[in-house]
Protein chains: 4
Amino acid sequence: MSDEIIFREDMSVELVKSSASDADVVWAARVSTAGDKSLEDVGVDASKSEGLINYLARERHGSPFEHTSMTFFVSAPIFVFREFMRHRIASYNEESGRYRELKPVFYVPSKDRKLVQIGKAGSYTFVEGTSEQYEITVASIKETCQLAYENYQKMLAAGVAREVARAVLPVTLYSSMYVTMNARALMNFLSLRTARDGSHFPSYPQREIEMVAEKMEAHFAKLMPITYGAFEKSGRIAP
Amino acid sequence: MSDEIIFREDMSVELVKSSASDADVVWAARVSTAGDKSLEDVGVDASKSEGLINYLARERHGSPFEHTSMTFFVSAPIFVFREFMRHRIASYNEESGRYRELKPVFYVPSKDRKLVQIGKAGSYTFVEGTSEQYEITVASIKETCQLAYENYQKMLAAGVAREVARAVLPVTLYSSMYVTMNARALMNFLSLRTARDGSHFPSYPQREIEMVAEKMEAHFAKLMPITYGAFEKSGRIAP
Amino acid sequence: MSDEIIFREDMSVELVKSSASDADVVWAARVSTAGDKSLEDVGVDASKSEGLINYLARERHGSPFEHTSMTFFVSAPIFVFREFMRHRIASYNEESGRYRELKPVFYVPSKDRKLVQIGKAGSYTFVEGTSEQYEITVASIKETCQLAYENYQKMLAAGVAREVARAVLPVTLYSSMYVTMNARALMNFLSLRTARDGSHFPSYPQREIEMVAEKMEAHFAKLMPITYGAFEKSGRIAP
Amino acid sequence: MSDEIIFREDMSVELVKSSASDADVVWAARVSTAGDKSLEDVGVDASKSEGLINYLARERHGSPFEHTSMTFFVSAPIFVFREFMRHRIASYNEESGRYRELKPVFYVPSKDRKLVQIGKAGSYTFVEGTSEQYEITVASIKETCQLAYENYQKMLAAGVAREVARAVLPVTLYSSMYVTMNARALMNFLSLRTARDGSHFPSYPQREIEMVAEKMEAHFAKLMPITYGAFEKSGRIAP
């Protein structure tokens with residue numbers, strides 16, 4: 001086995017490219033009312049833009065937020081991607097275990113990850129585990145990943161196809177993908193995959209997808225600060 | 001009535017902004033095989049990129065074409081927008097007859113527009129009309145638009161709401177919209193809304209939407225020449 | 001001109017077929033928790049089903065509502081269909097002015113339709129007009145439709161193609177379509193196209209699309225009464 | 001550990017409910033041309049229906065195929081679901097490893113599964129492996145699943161949350177889901193996830209998703225035989 005097994009505790013999100021600004025929202029909204037397509041005149045008066053964007057978000061006029069595009073390169077475990085790809089208003093390209101040999105990089109929870117679920121179905125919360133629970137978790141994951149990857153390599157070495165051999169790999173294996181979303185779809189994603197005080201949605205997302213969502217949110221807030229503010233003001237519901 | 005009636009024979013399509021290049025396709029496709037996200041290394045070897053893009057289009061690996069975004073500002077008659085908006089993988093914002101008074105700009109066919117349909121349902125073609133047919137067409141459209149707009153103005157002057165008064169306006173009235181599409185959705189649009197020798201689809205699109213599609217196609221061909229070539233080579237079927 | 005012009009004041013919505021019941025939602029939701037696919041056991045306990053469906057709607061677990069399908073045959077003016085077809089999570093087939101000669105059936109507002117818009121952009125309301133305003137409206141619409149249809153017929157008689165001749169027809173012309181939606185998409189449609197006291201959305205839909213939406217809502221309420229109740233309880237926001 | 005580990009070689013697909021017939025396609029298509037909504041008259045003349053459906057499929061008039069709905073209950077390994085859920089024009093509800101303890105049921109290839117990939121990227125084919133290769137594969141998968149499930153149970157027994165403990169489970173674990181699709185989306189799925197002589201697409205799907213697709217195809221062919229025939233005749237391209 002050539003590659004050494006790596007255990008990571010973090011998610012990575014890189015903004016690859018974007019065509020997304022608050023002005024894009026304003027232009028698109030103004031076509032409804034003024035038919036004004038002049039790119040020069042629009043967005044000059046920042047306070048007017050803010051008022052318009054807040055209005056659009058509050059009243060759920062969602063379409064003006066769609067004329068934007070953000071492409072992220074995300075590395076996260078398979079169990080995160082499984083949840084992520086349920087969001088259908090997005091474009092995905094993920095690395096393929098059919099076309100390439102997968103690298104031995106696996107996710108283990110950090111010490112900060114609350115391990116114990118309390119409450120009943122529909123209103124779970126999480127609390128910190130004991131250090132013994134943490135050690136059992138880390139040891140169980142590491143032992144399984146180690147054996148799984150050995151067996152993966154054993155099958156590849158015997159000439160078995162990658163797409164068959166990968167069957168043994170656990171869902172904590174890291175994968176990577178390009179994902180492209182518009183701002184409206186992204187706000188919907190954030191509304192369901194982050195938990196905030198004051199959020200409209202009491203259901204908790206799994207912490208690991210929230211770690212990815214938080215990094216995407218930071219990029220979004222920087223690219224489209226007025227839109228982001230409007231999203232916050234309307235209870236983090238997507239327009 | 002303050003505005004003078006304008007009759008136009010053309011469509012206009014302006015590329016407002018884009019984040020769309022052949023390199024975007026290559027990056028997204030390579031994540032499947034190599035996991036290589038380095039923006040520097042990719043797309044250097046143009047001939048390799050072309051081979052990859054041709055392969056993706058031919059084999060209908062469509063997802064790598066989606067990490068692109070083009071926003072157009074289109075002015076065309078309502079009957080064109082009615083067909084256009086049946087394409088659901090796109091984002092639209094159109095000027096609203098509820099929020100603003102609509103301007104008296106109407107489409108009339110030019111002398112080049114073939115007016116006579118021959119053949120049976122499912123395999124129509126068009127041939128040129130006589131000059132008498134053309135004159136009847138232009139006169140009928142102009143007379144109707146004139147009266148319709150006068151009645152529109154009469155209702156507005158009487159204090160009737162814009163959304164009610166617009167009921168009289170004919171579908172040849174110009175409207176305008178922002179539309180944002182990715183390259184895959186655009187290729188699907190072009191495949192169905194243009195007619196070309198050698199095209200896979202014998203059905204004829206209505207000439208007026210084809211006039212819009214041709215202008216969009218010219219922008220697309222300039223932004224993504226290799227992808228455009230691959231689209232042409234695979235019989236103008238969207239991947 | 002063979003056909004006599006008809007003026008209508010109403011919309012028609014026929015439920016053509018459906019595969020949509022509250023039990024469908026319950027089955028789909030329970031696969032998440034119990035993996036129970038036994039069709040016999042599920043939905044027996046009505047009060048439990050209601051609790052589950054209310055929970056799903058409140059927490060915006062929307063996907064279980066999607067395993068349902070309702071097909072409607074709708075007749076309404078073109079300006080209503082223009083708004084309707086902006087809803088992209090739906091399937092449409094509309095009668096075509098390219099393939100058939102369109103019948104002279106036109107919408108005119110009834111005396112109940114409030115004609116006068118007050119307030120400013122973003123917070124309009126409507127109030128009743130005077131009888132003079134109503135008469136101007138009806139007369140303007142009727143006169144325009146009459147001339148438009150005469151000119152349509154004149155062009156057809158001269159051998160001009162239907163797709164060209166239709167340019168003169170006003171957006172108050174009735175069209176008809178099949179539309180198929182799942183319950184989640186339908187709730188989203190209703191949330192945006194009806195105005196109710198207590199609704200989350202202060203923006204007013206145009207009354208004519210609301211007339212269509214109300215008829216669809218009545219079918220939905222009968223087919224899926226528990227889901228409909230949950231939709232009402234959660235402020236008419238789609239899950 | 002209470003549950004005994006089960007290894008399966010097959011996929012299961014159950015047709016839960018459907019509202020999908022060839023007549024649905026005919027009705028929807030005829031609204032374009034005739035506006036005929038009479039349910040009695042349509043579809044009586046079977047040969048006419050077949051001609052129409054063949055025409056629609058050949059010319060890629062896809063929308064009439066959408067007024068149909070089929071709900072399947074599918075059990076298959078996670079690596080199959082990962083590919084399946086990339087199809088976005090569909091509705092999904094999958095059992096959740098966050099809400100329930102997952103059962104120890106794992107996929108191992110049968111002796112018929114060709115294990116060895118030959119050719120180069122983009123034009124792979126598969127050939128049979130040796131019995132030694134088969135034994136290595138089965139032994140590797142069984143050993144890994146055994147340890148993974150033991151460790152899963154160990155973490156659960158220690159009070160660790162299900163969503164954390166599941167990290168160790170391999171992608172060959174069976175999951176189950178409801179999936180609802182219309183006939184157009186299903187034909188697109190089949191076109192990409194089955195390989196047939198004479199198919200338009202030379203790329204091979206992974207055999208395991210093809211096993212699922214074949215079972216879905218059998219249900220589809222029975223429900224909509226004329227549509228299925230038209231799909232076959234047009235080279236298994238979705239309209």
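Residues numbered from 1 in each chain as written. Chains lettered and ligands numbered in written order. Predicted model: local features only at pLDDT ≥ 70, side-chain atom pairs only at ≥ 80, totals over all residues. Heavy atoms only, no water.

Here we come to the sheet that holds strand S8 (residues 174-181) of chain C. Think of a sheet as strands paired side by side through backbone hydrogen bonds, with each pair either parallel or antiparallel. Residue and element names in this part refer to chain C. With antiparallel pairing, the 4 strands of this open sheet are ordered in space as S2-S3-S8-S4. Among the strands making up the open sheet, the edge pair consists of strand S2 (12-19) and strand S4 (91-94). Adjacent strand axes in the sheet meet at a mean angle of 20 degrees, parallel and antiparallel pairs treated alike. The strands touched by helix H7 (residues 207-223) are S2, strand S3 (69-77) and S8; relative to S2, the strand with the most contacts, the crossing angle is about 30 degrees. (Pairing = 2+ DSSP bridges. Helix = DSSP H or I, 4+ residues; strand = E, 2+ residues; numbered from the N terminus. Axes fitted to C-alpha atoms, helices over the stretch in contact; angles between N-to-C directions. Contact = heavy atoms within 4.5 Å.)

Here we come to the interface of chain C and chain D. Across the contact, 40 residues belong to chain C and 40 residues belong to chain D. The contact between chain C and chain D buries some 3,100 Å² in all, and 52% of this surface belongs to carbon and sulfur atoms. Taken together, chain C and chain D are joined by 2 salt bridges. Where Lys17 of chain D meets Asp24 of chain C, a salt bridge forms, and the shortest distance between an N and an O atom there is 2.7 Å. Looking at the side of chain C that touches chain D, the elements that each hand over two or more residues are S2, helix H1 (22-33), S3, S4 and S8 of chain C. The biggest single contributor to the side of chain C that touches chain D is H1 of chain C, with 6 residues. Broken down by class, the residue content of the side of chain C that touches chain D amounts to 15 nonpolar, 16 polar and 9 charged. (Buried area = accessible area lost by both parts, 1.4 Å probe. Salt bridge = Lys/Arg side-chain N within 4 Å of Asp/Glu carboxyl O. Nonpolar A, V, L, I, M, F, W, Y, C, P; charged D, E, K, R; others polar.)

Bringing the pairing of S3 of chain C into the picture now. Taken residue by residue, a regular strand's side chains alternate between the two faces of the sheet. Residues and elements named next belong to chain C. Among the 9 residues of S3, 9 are classified as buried, and the element is accordingly described as predominantly covered. Here S2 pairs with S3 via 7 bridges, running antiparallel. By the bridge assignment, Ser19 is partnered in S3 with Ser69. Alignment of S3 against S8, held across 8 bridges, turns out to be antiparallel. Within S8, the residue paired with Thr71 across the bridge is Thr180. (Buried < 20%, exposed > 50% of the residue type's maximum accessible area, 1.4 Å probe, protein only.)

A separate point is the interface of chain D and chain A. Contact with chain D, which involves 52 residues of that partner, is made by 52 residues of chain A. At the surface where chain D touches chain A, the tally comes to 6 salt bridges. Its salt-bridge partner being Arg113 of chain D, residue Glu163 of chain A comes within 2.7 Å of it at the nearest N-O pair. Joining chain D to chain A, the criterion identifies 28 residue pairs in polar contact (both at pLDDT 80 or more). Where the side of chain D that touches chain A is concerned, the elements lending two or more residues are helix H3 (78-84), strand S4 (91-94), strand S6 (116-118), helix H4 (131-157) and helix H5 (162-165) of chain D. With 12 residues, H4 of chain D is the single largest residue contributor to the side of chain D that touches chain A. For the side of chain D that touches chain A, the per-class residue count stands at 28 nonpolar, 11 polar and 13 charged. (Polar contact = N/O pair within 3.5 Å; in protein donor to acceptor, adjacent residues only side chain to side chain.)

All right, on to the confidence of the model for chain A then. Close reading of the predicted structure is inappropriate where its pLDDT is low. Residue and element names in this part refer to chain A. Counting all residues, the mean pLDDT for chain A is 91, and 89% of those residues have values of 70 or more. Confidence drops under pLDDT 50 across residues 35-43; counting only partners more than four residues distant or on other chains, this segment forms 16 contacts. Across the assembled chains, the prediction reports ipTM 0.93 with pTM 0.94. (pLDDT = per-residue confidence, 0-100.)

Residue and element names in this part refer to chain D. Relative to the assigned elements, His87 resides in the loop between H3 and S4. A relative accessible area of 10% places His87 in the buried class. The residues touching His87, leaving out its near neighbours within four places in the chain, are Tyr92, Asn188, Phe189, Leu192 and Arg193.

The next point concerns the packing of aromatic side chains. Within this structure, the stated rule accounts for 32 aromatic pairs over all chains. A centroid spacing of 5.9 Å and a plane angle of 90 degrees characterise the contact between Phe220 of chain A and Tyr228 of chain A, whose relative ring orientation is edge-to-face. Each of the two residues, Phe220 of chain A as well as Tyr228 of chain A, counts as buried. Relative to Phe106 of chain D, the ring of Phe7 of chain D lies with its centre 6.0 Å away and its plane at 35 degrees, an arrangement referred to as tilted. Of this pair, Phe7 of chain D sits in strand S1 (residues 6-8) while Phe106 of chain D sits in strand S5 (residues 105-107), placing them 99 residues apart in sequence. In textbook terms, an aromatic cluster arises when at least three aromatic residues are bridged by ring pairs, as seen for Phe7, Phe106, Tyr149 and Tyr152 of chain A. Across from the ring centre of Phe126 of chain A, 5.3 Å away, lies the NZ or CZ of Arg113 of chain A, which sits over that ring. (Phe/Tyr/Trp six-rings, centres within 6.5 Å; stacked < 30°, edge-to-face > 60°. Lys NZ or Arg CZ within 6 Å of the ring centre and 35° of its normal.)

This brings us to unusual backbone geometry. A positive phi is found at Arg60 of chain D, a non-glycine position, where the angle reads about 60 degrees. Locating Arg60 of chain D in the fold gives a position in the loop between helix H2 (46-58) and strand S3 (69-77).

With that settled, consider the relation of the copies chain D and chain A. Here the two chain copies are tied together by a rotation about an axis and a shift along that axis. By a simple turn and slide, chain D fits onto chain A: the slide is 0.0 Å along the axis, the RMSD is 0.0 Å, and the turn is 180 degrees. What the rotation and shift describe, once combined, is the action of a two-fold rotation axis. The position closest to the rotation axis in chain D is occupied by the C-alpha of Pro170 of chain D, lying 1.8 Å away. When the interface residues of chain D are mapped onto chain A, 100% of them again lie at the interface, so the same face is used by both copies. (Least-squares fit on C-alpha atoms with pLDDT ≥ 70 in both.)

Looking now at the nonpolar core. Core analysis: the largest hydrophobic core is formed by 139 residues, its most contacted members being Phe84 of chain A together with Phe84 of chain D. Residue contacts for Phe84 of chain D: discarding those within four places in its chain leaves Tyr92, Met177, Val179, Met181, Phe189, Ile209, Val212 and Met216 of chain D. Ala167, Ala183 and Ala213 of chain B together with Val80 of chain C belong to the second-largest nonpolar core, a separate cluster that totals 138 residues. (Core = buried A, V, L, I, M, F, W, Y, C linked by side-chain atoms within 4.5 Å.)

Residues and elements named next belong to chain C. Here H7 crosses helix H8 (residues 225-233) at 120 degrees, and the two axes come no closer than 5 Å. Judged by the angle between their axes, H7 and H8 are oblique. Taken together, the residues of H8 that come into contact with H7 (itself represented by Glu217, Phe220, Ala221, Lys222 and Leu223) are Pro225, Thr227, Tyr228 and Glu232. Residues belonging to the contact of H7 with H8 are distributed by class as follows: 5 nonpolar, 1 polar and 3 charged. (Parallel < 35°, antiparallel > 145°, perpendicular 65-115°, else oblique.)

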